[in-house]
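# Structural features, examined
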Amino acid sequence: MAKYLVIVESPAKVKTIKKFLGKNYEVAASNGHVRDLPKSSLGIDVENDFEPKYITIRGKGDILANLRKEVKKSDKVYLATDPDREGEAISWHLSQALKLDEKNARRITFNEITKTAVKESLKHPRDINMNLVDAQQTRRILDRLVGYKISPLLWLKVKRGLSAGRVQSVALRIICDREDEINAFIPEEYWTLDAVLQADGEKKTMTASFTGDRDGKIAIHNEAEVNAILQAIENEDFVVLDVKKGERMKKPPLPFSTSTLQQDASRYLNFSTQKTMRLAQQLYEGVDIKGSGSVGLITYLRTDSTRVSEEARNAAASYIEEHYGAAYAAKNTSVSGSSSHIQDAHEAIRPTDINRSPVKVKESLSRDQFRLYQMIWNRFAASRMTPAYYETTTVRVGAGDYRFNLAASSLKFEGFLSVYSPDEKKSDRVLLSKNLEKGMILKKKKLEPKQHFTQPPAHFTEASLVKTLEELGIGRPSTYAPTITTLLGRRYVVKENKNLYVSELGEVVNRIMKDEFPAIIDEQFTANMESLLDNVEEGTVDWKEVVRNFYPDLDEAVKAAEQNLTKVEIADEVFDEICEVCGRNMVVKYGPHGRFLACPGFPDCRNTKPLLEKIGVPCPKCGKELVLKKTRKGRKYYGCENHPECDFMSWQKPSATPCPKCGSYMLERGNKLVCADKECGYVLTVPKKEKAAAEVGDE
């Protein structure tokens, strides 16, 4: 009887898939990639039309030896690696490393690890898709060229161990640009005005918001303007001018793609992108479920599509009708807007069997596995349900020439909200009197003017960075988590309370990349490169043509940078701190956590100290010097040298110039000084500093 060998990537899949197949099938794992470019050299023959040189990855020799034994025993080999570019490339490398005969070695793919999907894939074996392989190979070679050509320059300029990357460096620039926006942001004052009103014969009050006058909307910029409005309506009646009732529909969400799963897991479960992908991988590969054995609970986790198979749609419709009622099952389901960035190679991320509800599998999952599976299941079920409907009431109220609005809504039909409503806040519902009619005069209980200031753009979180990368077309589902992990691992970026902050090291690397390699970190250039990779996958562009067009510009930029860098001698910055061990002036060094003081007598003297850089500004609290400090995670702030006796600190750099209006200290924001007292709000424009001089000083 014939023997068949199925090779998968992960050992976790072996157990799950083996139980679906008969005794004639052996299932083995490659443990990911078995061949790659060498770490010790570029591995790309630039002179020979960019031919890559692949070697067996260290530690994979025994795995390949065992696979070769299994291949010899088998009549046919099925390469069942993941259904994406990376998986296709692994299958190709396996076929090369194992010297598989094309007649007896076939490629199969499945989007979910279920008995039906695996058995169906065996009915449709195919050849390895070399377009997919070439797309992955192109990405790998481009990334290798960027990394291995630019990283040594960073070692020369800053310190060993740093790296540059085609996607990583663009992501770093995006974060740095946001930090610059935040630092240069000038808050602007504005006011809101609420009127607390009451209908005759009722105890409850209603809050109406100021909108403008009879001619349209008006923004209130300062206290003088709000006082003028208060004076004008002081003796006016609040009259109901119009009552409009209507209905509002809230559409169900689309099922998860990789990006939206990472965003929601970060937002609602506080998972990092790396943790989300690790847990999703476990759910996809198979989890031991009591009474069922090893079961793949979700479909493939790396996808940018929201498409759902007809079989899954029908199963969901039956489940929803049975458990919620026919009124909850959607007749026509939402589809996502078209985007040039979506490859649509796989379905959305969904449960492999909607009948396997979170409650049924809870006992078999870890706490985090359960929370992620529950979110995926709920989101998919909600996506196959009807919209939610609200009854809305909008009341326009007049007070002389000015206008106020009352608005409220109540849930009429919950639809998909019965399953998935992470943002729904029932406690925030506004209730209005049911007896409001046109012409009715409302009693004014009080007027509430409030001062506000515009807020700077929010710091990036992992979730918002993934969303931005996806919107810009930078990277693909498989690259988001590794990119962020690298930025954090290199300490270019630090994470505090979900927010991402650029470290001093990250600022230096970004500055070098912007000065020397502007094309590499250009968002449009990187997005266009992703489109070219898609074209390679589709077979419309030759992969070597992409590399041929890319390399000359990179090579020229590297050579120019080498010239520029060799002209500048980067000596250690001598500091005025004396080493108490040997008496030398200490120097500034770079370490994994940024800059620090070290004795130049190393290795004879190994004394080191934290670097406290004085900024030439007296402490607003005690008058001593302010110094530049860093948190444990590397984020910069300004504090008093007299700490802990003085607890002054500021994230923004204070200025030595006091506020001429209130006497408080001011903060530097771009080319402006802003009073630290928000109620004062004084802004002073100063001449722009010579950036080059400042940057040389910073280095």
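Quick note: structure is the one above.
Report follows, based on the coordinates.

## Things to note about the state of the cysteines
Each disulfide is one covalent bond, formed between the sulfur atoms of two cysteines. Evaluation of the coordinates by the stated rule reveals zero disulfides. With no disulfide of its own, C599 lies closest to C582 among cysteine sulfurs, the gap being 3.3 Å. By relative accessible area, which is 3% here, C599 ends up buried. Here C605 stays unpaired: no disulfide links it, and the sulfur of C599, its closest cysteine neighbor, is 3.6 Å away. With relative accessibility at 7%, the residue C605 sits in the buried group.

## Regarding the packing of aromatic side chains
Inspection of the entire model under this criterion finds 14 aromatic pairs. Note on Y324 and Y328: the rings are 6.3 Å apart at their centroids and 45° apart in plane angle, and the pair reads as tilted. Taking the relative accessible area as the measure of exposure, Y324 reaches 31% and is therefore partly exposed. Following the ring pairs from residue to residue traces out a cluster consisting of F210, F238, Y402 and F404. Across from the ring centre of W92, 5.7 Å away, lies the NZ or CZ of R35, which sits over that ring.

## Details of helix α10 (residues 310–323)
Its 14 residues place the ends of α10 20 Å apart at the C-alpha level, agreeing with the 20 Å of an ideal helix rising 1.5 Å per residue. Regarding α10, the residues found buried are A312, A316, Y319 and I320. Along the axis of α10, the buried positions cluster into a sector of 95°, meaning they face one direction only. Away from its buried face by more than 90 degrees, α10 exposes E310, E311 and E322. The secondary structure elements touched by the buried residues of α10 are α12 (367–383).

## Looking at the side chain of S305
When you line up the elements, S305 lands in the loop between β14 (293–295) and α10. Look at S305 and you get buried, because its relative accessible area is 1%. Here the side chain of S305 touches R307 through a polar contact of 3.0 Å, landing on its backbone nitrogen.

## Some words on the nonpolar core
Counting residues in each nonpolar core, the largest one holds 62 residues, and the members touching the most others are F110, L297, I298, L365 and L372. Those residues in contact with I298 that sit more than four places away from it in its chain are A280, L283, Y284, I349, R350, P351, T352, Y373 and I376. Core analysis: the next-biggest nonpolar cluster, separate from the first, contains 55 residues, L145, I175, I484 and W543 among them.

## Details of the packing of helix α9 (residues 273–285) against helix α14 (residues 480–489)
A pair of packed helices can be characterised by two numbers: the angle between their axes and the separation between those axes. Two elements in contact, α9 and α14, have axes whose closest approach is 8 Å; the angle formed by their N-to-C orientations is 140°. Viewed along their axes, α9 and α14 adopt a mutual orientation that is oblique. Judged by the twist between their axes, the crossing of α9 over α14 is left-handed. The segment α9 lies against α14, with T273, Q274 and M277 engaging A481, I484 and T485.

## Quick word on the pairing of strand β15 (residues 388–399)
Bridging between strand β12 (residues 238–250) and β15 involves 11 bridges; their strand directions are antiparallel. Bridge assignment links E247 to a residue of β15, and that residue is E391. As defined by bridge partners, β15 adjoins strand β16 (residues 402–413) across 11 bridges and the pair is classed as antiparallel. Bridging from a neighbouring strand, Y389 pairs with F413 of β16.

## Considering the environment of K18
Within the secondary structure, K18 sits in helix α1 (residues 11–18). Its relative accessible area of 37% is what places K18 among the partly exposed residues. The spatial distance from the C-alpha of K18 to the C-alpha of S294 is 9.8 Å, given a sequence separation of 276 residues. Once residues lying within four places of it in the same chain are set aside, the contact partners of K18 are Y25, E26 and V27.

## Brief notes about the side chain of S163
Along the polypeptide, S163 turns up in the loop between α5 (130–157) and α6 (168–184). Beyond its immediate stretch of four places on either side in the chain, S163 contacts S151, L154, Q168, R490 and Y492.

## Overview of unusual backbone geometry
Residue P603 is reached from F602 by a cis peptide bond, and omega for that bond is 10°. Counting through the fold element by element, P603 comes out in the loop between β22 (594–598) and β23 (608–610). Cis geometry marks the peptide bond from H643 to P644, where omega comes out at 10°. Mapped onto the elements, P644 comes out in the loop between β26 (636–640) and β27 (649–650). Here the phi dihedral of N31 falls at roughly 55°; this positive angle occurs in a residue that is not glycine. Its location among the elements puts N31 in the loop between β2 (25–29) and β3 (35–36). Positive phi values are uncommon outside glycine, yet K498 reaches one of about 75°. Residue placement: K498 occurs in the loop between β18 (493–496) and β19 (499–502).

## With respect to helix α13 (residues 462–472)
Among all positions of α13, only E462, A463, L465, V466, T468 and L469 are buried. Tucked inside the fold, the buried residues of α13 contact α6, α8 (258–269), α9, α14, β18 and β19. Positive phi appears at G473, one or two residues downstream of α13, with a value of about 75°.

## Things to note about the sheet that holds strand β25 (residues 625–630)
Strand order in this open sheet of four strands is β24-β25-β26-β27, and the pairing throughout is antiparallel. Looking at the sheet topology across the chains shown, the edges are occupied by β24 (613–618) and β27. Judged from the two bridges that link them, β26 and β27 form a sheet pairing that is antiparallel. The residue of β27 that forms the bridge with Y638 is S650.

## Observations concerning the sheet that holds strand β30 (residues 672–675)
In space, the four strands of this open sheet follow the order β28-β29-β30-β31, with antiparallel pairing throughout. With one partner strand each, in any of the chains shown, β28 (654–658) and β31 (683–685) form the two edges of the open sheet. Averaged over all pairs of adjacent strands, the angle between their axes in this sheet comes to 35°, without regard to strand direction. Sheet topology places β28 next to strand β29 (residues 665–669); three bridges connect them, and they run antiparallel. Paired with S655 across the bridge in β29 is M666.

Quick notes on the rules
Residues numbered from 1 in each chain as written. Predicted model: local features only at pLDDT ≥ 70, side-chain atom pairs only at ≥ 80, totals over all residues. Heavy atoms only, no water. Disulfide = S-S within 2.5 Å. Buried < 20%, exposed > 50% of the residue type's maximum accessible area, 1.4 Å probe, protein only. Phe/Tyr/Trp six-rings, centres within 6.5 Å; stacked < 30°, edge-to-face > 60°. Lys NZ or Arg CZ within 6 Å of the ring centre and 35° of its normal. Helix = DSSP H or I, 4+ residues; strand = E, 2+ residues; numbered from the N terminus. Expected span 1.5 Å × (residues − 1). Arc of directions from axis to C-beta. Contact = heavy atoms within 4.5 Å. Polar contact = N/O pair within 3.5 Å; in protein donor to acceptor, adjacent residues only side chain to side chain. Core = buried A, V, L, I, M, F, W, Y, C linked by side-chain atoms within 4.5 Å. Axes fitted to C-alpha atoms, helices over the stretch in contact; angles between N-to-C directions. Parallel < 35°, antiparallel > 145°, perpendicular 65-115°, else oblique. Left-handed = near helix turned anticlockwise from the far one by under 90°. Pairing = 2+ DSSP bridges.

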